[in-house]
Amino acid sequence: MKKCWIVLLLVVVALSAGVAPASAAKYNWRLVSEELAESAVDLYAHEFARLLKEKSNGDIQLEIFPHGTLGTPTEMFELTLNGAVEFCLVAPGQSSSIIPENQIFLLHFLFSMDDDKNAEFLRTSKAVNETLGAVYQNKGLKVLNFFSEGPMYWTANKPLRKPEDFQGVKFRVMPSELLLDIYKAYGASPTAVSFNEVYSGLQLHIIDGQENPPYVIQEMKYMDVQKCLIASKHNIFVMQHLANLNFFNGLPEDIRKIVVESAAEAYPYVNRVQKEMNAQRLEMMVKEFKADQSLVELNQEEFNAFREIAKKADEKYFELSRNPEFAKKLLQEFRQEMAAIEGQ
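Values in this document were obtained by computation on a predicted structure and should not be read as measured data. (Residues numbered from 1 in each chain as written. Predicted model: local features only at pLDDT ≥ 70, side-chain atom pairs only at ≥ 80, totals over all residues. Heavy atoms only, no water.)

So, about helix α5 (residues 126-139). For α5, which comprises 14 residues, the first-to-last C-alpha distance of 19 Å matches the rise-based estimate of 20 Å (1.5 Å per residue) to within 8%. In the structure, α5 departs most strongly from a straight axis at G133, where the bend amounts to approximately 40 degrees. Turning to α5, its buried residues number three or more, namely A127, V128, T131, L132, G133, V135 and Y136. Each element contacted by the buried residues of α5 is listed here: α4 (115-124), β4 (141-151), β10 (236-244) and α13 (324-342). For α5, the N-terminal capping position is held by S125, with its side-chain oxygen 3.3 Å away from the main-chain nitrogen of A127. Trailing α5 by a residue or two, G140 shows a phi angle of about 100 degrees, which is positive. (Helix = DSSP H or I, 4+ residues; strand = E, 2+ residues; numbered from the N terminus. Expected span 1.5 Å × (residues − 1). Bend = angle between axes of the 7 residues up to and from the residue. Buried < 20%, exposed > 50% of the residue type's maximum accessible area, 1.4 Å probe, protein only. Contact = heavy atoms within 4.5 Å. Polar contact = N/O pair within 3.5 Å; in protein donor to acceptor, adjacent residues only side chain to side chain.)

Below, the structure is given as structure tokens:
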């Protein structure tokens, strides 16, 4: 059934590619995104498209397919991998069946509490952009950017201040054995639920809580059906901007340069946008809280209790990476580079 759906998507993409715009550009490309229109990721995609067009004097036209238009996030990744579309914006967790090493981004408490330091890390890290990037290249993908959508918050119907508070909580995670393992260690009863089904799952009490950056929580109206917003900041939501490698390598050198430069220039833009959007949406939510709703801030002792449990997931990551020695080296490099940035 899944293969049939992928074939159908390929046909749809092929047909859309065959319809020339009124003012046909020399290069007509497609980008699929797992995020909704007007999200931080969608704004990044449009900025990338604007830069491509501007730098090529109109020779490059990028069509953007946001969430809900061309399959699930995993299918979007596969469309890019297969070369049916040129670019995708999907979270690493949606592609970990193909690139299991990228599950490093799902480990908790690796990143800084400082947004600017996380942005600097993702921009400059050799561990992420070179060591891990080479794995993507071997699979047929070019990494253009890894960027943050902001710190992750928990939502639930009770405060989650300590691991014991997770006991019996049916907590939604992305489809990931590693995330399931981490939340089981906290004491939760985690379950993988599609992004499309999170709101209804919370509303119908199929699940009791979930994790996302503030702007996503507000955008998806999760606090309409939750009582507590917990500023856990246990991770950041990393987004990956990928290109099909055969497509990228087949471009003329000057066009490849435009693609790389456009992605690089869109990077500070999306970091500014996500910071502003998360701050604004967090304030909006808190102002609209009802009497029985609250924003829960963890103190250092509570934060450290979760951090200690989360460290135990390292071994599970090594196992799931299918390349334990590489994963150990990658995680060591990651932590060393993050510590160096934290110390600046």
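Next comes the rest of the description.
The next point concerns the confidence of the model for the protein chain. Summing up the model confidence of the protein chain, the mean pLDDT is 93 and the portion of residues at 70 or higher is 93%. Every residue in residues 18-22 is under pLDDT 50, and counting partners more than four places away or in other chains gives one contact. (pLDDT = per-residue confidence, 0-100.)

Checked against the element boundaries, Q61 lands in strand β2 (residues 60-65). What makes Q61 partly exposed here is its relative accessible area of 33%. When the C-alpha positions of Q61 and K26 are compared, they lie 8.0 Å apart, and in sequence the two are 35 residues distant. Leave out the neighbours within four places in its chain, and Q61 touches A25, Y27, N28, W29 and K53.

Here we take up helix α10 (residues 253-287). In this model, α10 (35 residues) spans 51 Å end to end at C-alpha, consistent with the 51 Å of a helix rising 1.5 Å per residue. The largest bend along α10 reaches roughly 25 degrees and is located at Y267, with the proline P268 sitting one to four residues downstream.

Time to look at the pairing of β10. β10 sits mainly inside the fold: nine of its nine residues count as buried. What you see with β10 is no split at all: I236, V238, Q240, L242 and N244 on one side and F237, M239, H241 and A243 on the other are buried throughout. The pairing of strand β3 (residues 87-90) with β10 spans four bridges and is classified as antiparallel. From the neighbouring strand, C88 faces β10, where its bridge partner is L242. By the bridge criterion, eight bridges tie β4 to β10 in an arrangement that is antiparallel. Counterpart to K142 in the pairing with β10 is A243. (Pairing = 2+ DSSP bridges.)

Where helix α2 (residues 40-55) meets α10, the closest approach of the two axes is 8 Å, and the angle between their N-to-C directions is 150 degrees. The handedness of the crossing between α2 and α10 comes out as right-handed. (Axes fitted to C-alpha atoms, helices over the stretch in contact; angles between N-to-C directions. Left-handed = near helix turned anticlockwise from the far one by under 90°.)

Overall, the coordinates contain 23 aromatic pairs when judged by the stated rule. Taking 5.9 Å as the distance between ring centres and 85 degrees as the angle between the ring planes, the aromatic pair formed by F111 and F121 counts as edge-to-face. Linking F111 in the loop between β3 and α4 with F121 in helix α4, this pair joins segments that are 10 residues apart in sequence. Just as F111 is buried, F121 falls in that class too. Judged by centre distance (5.9 Å) and plane angle (50 degrees), the ring pair of Y317 and F318 falls under tilted. Side by side, Y317 and F318 carry an identical accessibility label, which is buried. Every member of this aromatic cluster is reached through a ring pair, and the members are W154, F166, F171, Y183, Y186 and F306. (Phe/Tyr/Trp six-rings, centres within 6.5 Å; stacked < 30°, edge-to-face > 60°.)

This brings us to the sheet that holds β4. Taken together, the five strands give an open sheet; going across it, the order is β2-β1-β3-β10-β4, and neighbouring strands pair in mixed fashion. The open sheet is flanked by β2 and β4, the only strands paired with a single partner. Looking at each pair of strands side by side, their axes are set apart by 20 degrees on average, direction ignored. In this sheet, β3 lies alongside strand β1 (residues 27-33) in parallel orientation, the contact comprising three bridges. In the strand pairing of β3, L31 is matched with F87.

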